Amino acid sequence: PMNEEASRWPLWFQIAIGIVVAAVVVGIFKFLFFAAVVRVANDELVKSTAQMQSKTEQAAVRAREQRLVTQEFNRRLQIQAVERKRQQSAQAVLAQRETARRDQAWLVFYQPSPECLTTVSVACGNAHMRAKKEFQRQWDAGELK
């Protein structure tokens, strides 16, 4: 019976139907193949994008950490500069006080003779130099206040 039905259709028609069916099957396989290729490419793209985003986020974290380290370093430099200025200022005040104290001690230590208050002489200059030398010795020894 199958032979009878097949013989009802001309051979060229049967061949054409076979070609159409084969073309459809090939088309379906092509579609499925390209869909798989597109899916794999899409998966790779998603994976690559995720990796790039992760790397970008890591770089941003590193940059933020570096910025914080730099800010902390600059803050410490500023603190050191302020402390250095404070110390220099305190040292300058101490030096001024020490100079004033030394000058006051000299005024108490050295009392020129009445003659040297009114005249300038070699003897008065020598007396002043000897007094200055003795003052310096006593000052350095800590004997003067």
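Scoring rules and cut-offs
Residues numbered from 1 in each chain as written. Predicted model: local features only at pLDDT ≥ 70, side-chain atom pairs only at ≥ 80, totals over all residues. Heavy atoms only, no water. Phe/Tyr/Trp six-rings, centres within 6.5 Å; stacked < 30°, edge-to-face > 60°. Core = buried A, V, L, I, M, F, W, Y, C linked by side-chain atoms within 4.5 Å. Buried < 20%, exposed > 50% of the residue type's maximum accessible area, 1.4 Å probe, protein only. Helix = DSSP H or I, 4+ residues; strand = E, 2+ residues; numbered from the N terminus. Disulfide = S-S within 2.5 Å. Polar contact = N/O pair within 3.5 Å; in protein donor to acceptor, adjacent residues only side chain to side chain. Expected span 1.5 Å × (residues − 1). Arc of directions from axis to C-beta. Contact = heavy atoms within 4.5 Å.

Quick notes on the packing of aromatic side chains
Taken as a whole, this structure holds eight aromatic pairs when the rule is applied. Three or more aromatic residues joined by ring pairs form one cluster here, namely W106, F109, Y110, F135 and W139.

Things to note about the nonpolar core
Judged by nonpolar contacts, A105, W106, Y110, A131, F135, W139 and L144 together constitute the single largest core of seven residues. Of all the elements in the fold, those that place two or more residues in this core are helix 2 (11-109) and helix 4 (122-141). Looking at which element gives the most residues to this core, the answer is helix 4, with three residues.

Looking at the state of the cysteines
Tallied over the full model, the rule gives one disulfide. Residue C116 pairs covalently with C124 via a disulfide, S to S 1.9 Å. Note on the C116 and C124 pair: the S-S dihedral is about -95°, so by sign convention the disulfide is left-handed. We classify C124 as buried; its relative accessible area is 9%.

Thoughts on the environment of S121
Tracing the sequence through the fold places S121 in the loop between helix 3 (114-118) and helix 4. We classify S121 as partly exposed; its relative accessible area is 28%. Between the alpha carbons of S121 and E44 there is a distance of 105 Å; along the sequence they are 77 residues apart. At 3.1 Å, the side chain of S121 forms a polar contact with the backbone nitrogen of C124.

Things to note about helix 4
Because the α-helix completes a turn every 3.6 residues, residues three or four places apart line up on one side. In a regular helix each residue adds 1.5 Å, so 20 residues correspond to 28 Å; helix 4 covers 29 Å between its end C-alpha atoms and thus fits that length. Every buried residue of helix 4 is listed here: C124, A131, F135, Q138 and W139. The arc enclosing the buried residues of helix 4, seen along the axis, measures out at 100°, which places them on a common side. For helix 4, the exposed residues lying more than 90 degrees away from the buried face are V122, M129, R130, K133 and D140. Contacts from the buried residues of helix 4 go to helix 2 and helix 3. G142 sits one or two residues past helix 4 and shows a positive phi near 80°.

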